[in-house]
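Report on the structure
In case you want the letters, here they are:
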Amino acid sequence: MGGAEPESAEVDRLPGWVTLLRAPNPGPMTLDGTNTWILRAPDGDFATVIDPGPLDEGHLRRIAEHGPFRFILITHGHHDHVEGAARLSELLGGTPVLAADPAHCLHGGPLDSEEHLGGNGLEIHVLDTPGHTSDSVCFLVECGDERVVFTGDTILGRGTTVVARPDGDLSSYLWSLERLSAYEKVLMLPGHGPARSDTAERAHFYLGHRRERLAQVAAAMAAGADTPAAVVDLVYPDIDPGVRFAAEWSAAAQIDHLRRESGTTPDGLDRP
């Protein structure tokens, strides 16, 4: 692992303009459940919701009670973040759903890289942060003199993120972590797990973890492990069988990254 997690960085108190509604979908991959974030500036006529979560009628109706909304924003296209978006839009009478991937948009979008959404007392900046998925974005939101980064699954509040082939790409993910490491002392509100006081600190922790794990995978490959399953056997010997599939996804992405760095293709052949 990349060292102990900085537990002191957990935050219980949110800015007054941010509300957390946690979806009732806890599990090994979702932790306590998907974090749905509702943003409303003081005296703002419209709110914005980030990641409405799964298609759970009770959860979606709880979100709708905080309306009206200007936008429904999506950090990435995994079902635990976007599955309920179309139904929420319907409940709200057609509120636009905006995502980087046009497949998840309704009545607007798609979000452009580095797009700026202003109005209603909020300044929302789209940050292109691919890697966890090809369509992953984060949102830097300014309200008054406060700034918050909503990180989706790019950085979690607890544990580490799975980067799974073919949509996930570790090389892109490391670039995105480097980008987020610039937001020192900026509150981080993730898609799962607790809030964190410092986005940059969390990004640096993730980078350290990934670099240490890559070194372990490289050593396993040098010892003859040439498949994700073989790498997991050496690098994750005590893995919980219930999440072994996720470890193999991560191992596949790590193998691809290391082979790309060494100038070989995923099948080990020299690049042209």
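This one's a predicted model, so the numbers in the text were calculated from it and none came from an experiment.

So, the overall build of the protein chain
A count of helices and strands for the protein chain gives seven helices and twelve strands. Against the 2.2 N^0.38 benchmark of 19 Å for 272 residues, the protein chain shows a C-alpha radius of gyration of 19 Å, consistent with a compact globule. In the protein chain, which comprises 272 residues, the share counted as buried stands at 50%. Contacts spanning at least 24 positions in sequence make up 57% of the contacts within the protein chain whose residues lie at least 6 apart. Here the protein chain has roughly 11,800 Å² of accessible surface; of this, 51% comes from carbon and sulfur atoms. Counting 21 positive and 41 negative side-chain charges, the protein chain places the averaged centre of each group 2 Å from the other.

Details of the nonpolar core
Among the nonpolar cores identified, the biggest contains 32 residues, and Val-149, Ile-155, Leu-180, Tyr-183, Tyr-206 and Val-231 are the most heavily contacted of them. Secondary structure elements with two or more residues in this core: strand S9 (137–143), helix H4 (170–180), helix H5 (199–222), helix H6 (228–235) and helix H7 (244–262). With seven residues, H5 is the largest single contributor of residues to this core. Excluding its chain neighbours within four sequence positions, the residues that come into contact with Val-231 are Val-217, Met-221, Ala-225, Tyr-236, Ala-251 and Ile-255.

Regarding the packing of H5 against H6
Following both chains from N to C, one finds H5 and H6 inclined at 110°, their axes separated by 9 Å at the closest point. Here H5 is positioned roughly perpendicular relative to H6, judged by the angle of their axes. H5 and H6 meet at a crossing whose hand is right-handed. Of H6, the residues touching H5 (which contributes Arg-213, Gln-216, Val-217, Ala-220 and Met-221) are Val-231, Leu-234 and Val-235. Its residues assigned to classes, the contact of H5 with H6 shows six nonpolar, one polar and one charged.

What about the pairing of strand S10 (residues 146–152)?
Two faces make up the sheet, and in a regular strand the side chains alternate between them. In terms of burial, S10 is largely enclosed, as five of its seven residues are buried. Taken together, the five bridges between S9 and S10 define a ladder with antiparallel strand orientation. Considered in S10, the bridge of Leu-140 is made with Val-149. Between S9 and S10, which pair antiparallel one after the other, the connecting turn spans two residues, and Gly-144 there sits at a positive phi close to 65°. The sheet contact formed by S10 and strand S11 (residues 187–190) spans four bridges and is parallel. Looking across to S11, one finds that Val-148 is bridged to Leu-187. Viewed along the sheet, the connection from S10 through H4 into S11 turns out right-handed.

Digging into the sheet that holds strand S3 (residues 35–39)
Taken together, five strands build an open sheet; the order of strands is S2-S3-S4-S5-S6 and the sheet is mixed. Looking at strand neighbours, the two that pair on one side only are strand S2 (18–22) and strand S6 (97–98), the edges of this open sheet. Contacting S2, S3, strand S4 (47–50) and strand S5 (69–73), helix H1 (residues 57–64) runs over the sheet at an angle of about 165° to S2.

Considering H4
Helical geometry note: an α-helix holds 3.6 residues per turn, so side chains three or four residues apart project in the same direction. Turning to H4, its buried residues are Leu-170, Tyr-173, Leu-174, Ser-176, Leu-177 and Leu-180. With its buried residues spanning 160° around the axis, H4 presents them on a single face. Packing partners of the buried residues in H4 comprise strand S8 (122–128), S9, S10, H5 and H7. Where H4 starts, the residue carrying a side-chain oxygen 3.3 Å from the main-chain nitrogen of Ser-171 turns out to be Asp-169.

Quick word on the pattern of salt bridges
Opposite charge on two side chains lets them pair, provided their charged atoms get close. Taken as a whole, this structure holds twelve salt bridges when the rule is applied. In this structure, Glu-10 and Arg-196 form a salt bridge, with 3.8 Å as the shortest nitrogen-oxygen distance. Taken together, the positions of Glu-10 in strand S1 (residues 10–11) and Arg-196 in strand S12 (residues 195–196) put the pair 186 residues apart, joining distant regions of the chain. According to the relative accessible area criterion, Glu-10 is partly exposed, its value standing at 33%. Note that Arg-244 is salt-bridged to Glu-248, the shortest N-O span being 2.8 Å. On the criterion of helical spacing, the pair formed by Arg-244 and Glu-248 is a turn pair, its members being four residues apart in helix H7. Taken together, the shared-partner salt bridges in this structure form one network comprising Glu-57, Arg-61, Arg-87 and Glu-90.

Rules of the game
- Throughout, a residue's number is its position along its own chain's written sequence, starting from 1.
- Confidence filtering applies because this is a predicted model: local features only for residues at pLDDT of at least 70, side-chain atom pairs given and counted only at 80 or more, and all residues used for totals across whole chains, interfaces and linings.
- To obtain the side-chain values, all non-hydrogen atoms of the structure were included, while hydrogens and water were left out.
- Counting from the N terminus, the helices are DSSP H or I runs at least four residues long and the strands are E runs at least two residues long.
- Here the radius of gyration uses the C-alpha set of atoms, whereas the globule reference equals 2.2 Å times the residue count to the power 0.38.
- Each residue is placed in one exposure class: buried if its accessible area under a 1.4 Å probe, protein chains only, is under 20% of its type's maximum, exposed if it is over 50%, and partly exposed if it falls in between.
- In what follows, a contact means two residues having at least one pair of non-hydrogen atoms within 4.5 Å.
- Using a 1.4 Å probe, the Shrake-Rupley method yields the accessible areas, and only the shown protein chains count as cover for residues.
- Charge assignment in this entry is limited to Lys and Arg as positive and Asp and Glu as negative, and neither His nor the chain termini are counted.
- Note that the charge is assigned to NZ on lysines, CZ on arginines, CG on aspartates and CD on glutamates.
- Note on terminology: a nonpolar core comprises buried Ala, Val, Leu, Ile, Met, Phe, Trp, Tyr and Cys residues joined through side-chain atoms within 4.5 Å.
- Fitting a line to C-alpha atoms yields each axis, with helices limited to the stretch in contact; the angle taken between N-to-C directions then spans 0 to 180 degrees.
- Roughly parallel covers angles under 35 degrees, roughly antiparallel covers those over 145, roughly perpendicular covers 65 to 115, and oblique covers all other angles.
- Each helix crossing is assigned a hand: it is left-handed if the near helix lies turned anticlockwise from the far helix by less than a right angle, otherwise right-handed if that turn is clockwise.
- As a working rule, the residues Ala, Val, Leu, Ile, Met, Phe, Trp, Tyr, Cys and Pro are called nonpolar, Asp, Glu, Lys and Arg charged, and the rest polar, with Gly in that last group.
- Two strands qualify as a pair provided DSSP detects at least 2 bridges between them.
- With strands facing away from the observer, any crossover in which the path from the first strand over the helix to the second runs clockwise is taken as right-handed.
- Taking the helix axis as origin, the arc is that swept by the directions to the C-beta atoms.
- Under this definition, polar contacts are N or O atom pairs within 3.5 Å; protein pairs additionally need one hydrogen-donor-capable and one acceptor-capable atom, and for neighbouring residues in sequence, both atoms have to be side-chain atoms.
- Take a side-chain nitrogen of Lys or Arg and a carboxyl oxygen of Asp or Glu: if they are within 4 Å of each other, that pair is a salt bridge.

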